[in-house]
Amino acid sequence: MKVEQDRAAADGPVFWIETSGSVSRQFQFESNGGLSMKVVDDSRTVVHRVVDSFLNKFFPSGYPYSVNEGYLRYTKFRALQHFSSAALSVLSTQRKMTSKSNNAVVLESAQVATPTVAIVGKFSLLFAAGLRPTPAQATAVSWVLKDGMQHVGKLICSNLGARMDSEPKLWRILADVLYDLGTGLEVLSPLCPQLFLEMAGLGNFAKGMAMVAARATRLPIYSSFAKEGNLSDLFAKGEAISTLFNVVGIGAGIQLASTICSSMQGKMIAGPFLSVVHIYCVIEEMRAAPVNTLNPQRTAMIVADFILTGKISSPADLRYKEDLIFSGRLIEDAGNVKVGRDLHKVVKPSKLCKLKGVFPEEKFLLCHGEKWTDMVLEHDATGEDALRGWLVAAYAANLGKTGYEPSMTVLQEAYDKMNSVFSSFLSQLQTKGWHTDYFLDGTGSRFAW
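Residues numbered from 1 in each chain as written. Predicted model: local features only at pLDDT ≥ 70, side-chain atom pairs only at ≥ 80, totals over all residues. Heavy atoms only, no water.

### Focus on the pattern of salt bridges
A full pass over the atoms with the stated rule returns 14 salt bridges. A salt bridge links Glu362 to Arg388; the shortest N-O distance between them is 2.7 Å. With a gap of 26 residues between them, Glu362 in the loop between helix 15 (349–358) and strand 6 (364–368) and Arg388 in helix 16 (residues 383–401) connect regions that are remote in the sequence. Using a relative accessible area of 6% as the deciding quantity, one classes Glu362 as buried. Here Asp441 makes a salt bridge to Arg446, at a shortest N to O gap of 3.2 Å. Judged by its relative accessible area of 17%, Arg446 is buried. One network of salt bridges, in which partners are shared, links Arg78, Arg218 and Glu239. (Salt bridge = Lys/Arg side-chain N within 4 Å of Asp/Glu carboxyl O. Helix = DSSP H or I, 4+ residues; strand = E, 2+ residues; numbered from the N terminus. Buried < 20%, exposed > 50% of the residue type's maximum accessible area, 1.4 Å probe, protein only.)

### Comments concerning the packing of aromatic side chains
Applying the stated criterion to the full structure yields 13 aromatic pairs. Summarising the aromatic geometry, the rings of Tyr74 and Phe225 are spaced 5.0 Å apart at their centres and angled 45° between planes, so their arrangement reads as tilted. With Tyr74 in helix 3 (residues 71–112) and Phe225 in helix 9 (residues 196–225), this pair connects stretches of sequence that are 151 residues apart. An identical accessibility class is assigned to Tyr74 and Phe225; each is buried. Chaining the aromatic ring pairs together yields one cluster made of Phe59, Tyr63, Tyr71, Tyr74 and Phe225. The ring of Tyr179 is capped by Lys207, whose NZ or CZ atom sits 4.9 Å from the centre of that ring. Between Arg388 and the ring centre of Phe422, over which it is positioned, the NZ or CZ distance is 5.0 Å. (Phe/Tyr/Trp six-rings, centres within 6.5 Å; stacked < 30°, edge-to-face > 60°. Lys NZ or Arg CZ within 6 Å of the ring centre and 35° of its normal.)

### Re the nonpolar core
In this structure, Phe359, Met375, Leu377, Trp390, Leu391, Val392 and Phe425 are the most contacted members of the largest nonpolar core, which totals 41 residues. The set of elements that each furnish at least two residues to this core consists of helix 12 (296–309), strand 5 (337–339), strand 6, strand 7 (373–378), helix 16 and helix 17 (408–431). Apart from residues lying up to four places away in sequence, Leu391 is in contact with Val303, Phe306, Ile307, Met418, Phe422 and Phe425. (Core = buried A, V, L, I, M, F, W, Y, C linked by side-chain atoms within 4.5 Å. Contact = heavy atoms within 4.5 Å.)

### Re helix 10 (residues 231–258)
Helix length check: helix 10 (28 residues) gives 40 Å between terminal C-alpha atoms against 40 Å at 1.5 Å per residue, within 8%. Along helix 10, the positions that sit buried rather than exposed are Leu234, Lys237, Gly238, Ile241, Ser242, Gly249, Gly253 and Ala257. (Expected span 1.5 Å × (residues − 1).)

### Some points on the packing of helix 9 against helix 10
For the pair helix 9 and helix 10, the least separation of the axes is 9 Å and the interaxial angle reads 115°. For the pair helix 9 and helix 10, the sense of crossing is right-handed. Across the interface between the two elements, Arg218, Leu219, Tyr222, Ser223 and Phe225 from helix 9 touch Leu231, Leu234, Phe235, Gly238 and Glu239 from helix 10. Residues that form the contact of helix 9 with helix 10 fall into these classes: 6 nonpolar, 2 polar and 2 charged. (Axes fitted to C-alpha atoms, helices over the stretch in contact; angles between N-to-C directions. Left-handed = near helix turned anticlockwise from the far one by under 90°. Nonpolar A, V, L, I, M, F, W, Y, C, P; charged D, E, K, R; others polar.)

### Structural notes on the environment of Met418
Mapped onto the secondary structure, Met418 falls in helix 17. On a C-alpha basis, the gap between Met418 and Leu387 in space is 9.7 Å, while along the polypeptide they are 31 residues apart. Leave out the neighbours within four places in its chain, and Met418 touches Arg388, Leu391, Val392 and Tyr395.

What follows is the structure in C-alpha cells.
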C-alpha cells in the first residue's frame, strides 16, 4: 500500500480538462481529497459571458433542454407583468398614504369642533356596542376593518381551490384582474372621502382573493414546464426573475409618482395603461403554458382531435386552442359532453339501473339529452375512466349523425369501438406527456354506486 501511495505521489496530482462550448476548465483532486476547478481557456466575448451568467442565475439548470416548450415566452411576459404590477402598486400606495394623512387631519379637526357628531355617523357600530372611542381610536379601528377585509377575501377564495386545480389559467387571469380592480379602488378612494373606508376595504377584499388565487395556481403552471423532475429549480428561478423585475418596477413607479403621476390626472392616465399591460402579459403567459393535466375542456379537445384526425395532440399543441375565459364550452366533435352535473338532475330514477347496466364495469354514466350528453363519474374515477366515457359519447354522437337514434344499441356499438382503440389511444397520450391518472373536474358532482 505504501509503495502504491509513493508511486501516485511521484506521478503528480490527478487532473483533467473538460471543455463545454468555448470554455475549458481544469479539474484536479487535492491532497486532502477535495476537488478544485479553474478556467484555463475562455474565448467567449464579454456579452456572451454576461448572457451566460444571467441564464445561470435566472433560468433552471440545463436550460433549454430541461424545460418544456414555451418557457422562454412565458418568462418574458412574466417579467413584464411583474414590472407593470410593481409600478402600479407604487401609485396605489402613494394615494393610500395621502388619503391616510388627509383622513387623520379631518378627524383631528372633527375632534376640535364636534367630535361626537363626527364619530357617530361613521362608527355607529362602536356606539351600539357601548363604546365611546376618541377620533384617534376610531381611525385605528377603521384601518383595522379595512385591512381585515383582505383576510375575509382570502378565506372566501380558499374554498375555491378545487376549481383552481381544474382551471389554473382562468383563475390566474382572474387573480390579476381582481388585483388591478383592488388597486384601482385604492387609487380612486381619496376622490370620495365619505366612502374612503368602504372603497379601500373593498379594494383590499379583492386583493385578498387575488393573492390566494395567484399563489394557488402558481404550482400547476410551473409543473407544466418541469421536464426532468426539476420543479424546485423552476420555482426558485421563477421567483428570482419575479423579484428582479419587481424591484425594477418599484423604481419605475417611484419615478412616475414624482413626475408624470404627481397629479391625479397623471395617475388616471398611467394607471389604466399599466393595468392593461399587466392583464395582457398574464394572458400571454397562460397561453404559453402547456398544462398537461386532464380537465373537461382539454379532454374534449383531445378526443375531438383524435376522432377527426386519428392523432393525439400534445399539451403544447393545445395551449393556444384553449378558451381561457369560457372554459366550459361544448365541443361538438367530442360529443357535446358536459361533466359534473348532479346525478339526480341528469338521470331519472327509473332509468338509473338501466343506464348502469349498459356499462356495468365502468365508472361513468352517460345520459343523452337534446343539447348535450351528460357524463357523471364515480368518486374514485380516474382520468382514464373519464377518457373512456368521453370516447364512447363521441363515437355515439358520430353514429347519431349517420342516421342512428341515440339508443342502448348505439351506446353498445360506441362502447365496443372505444375498447378496440383505447389501449393505443392511452399509450399515445402518455407518450405525449399527458397525466392520465386523475381527472380534474373542479367541484363537479360524483356518485358512489
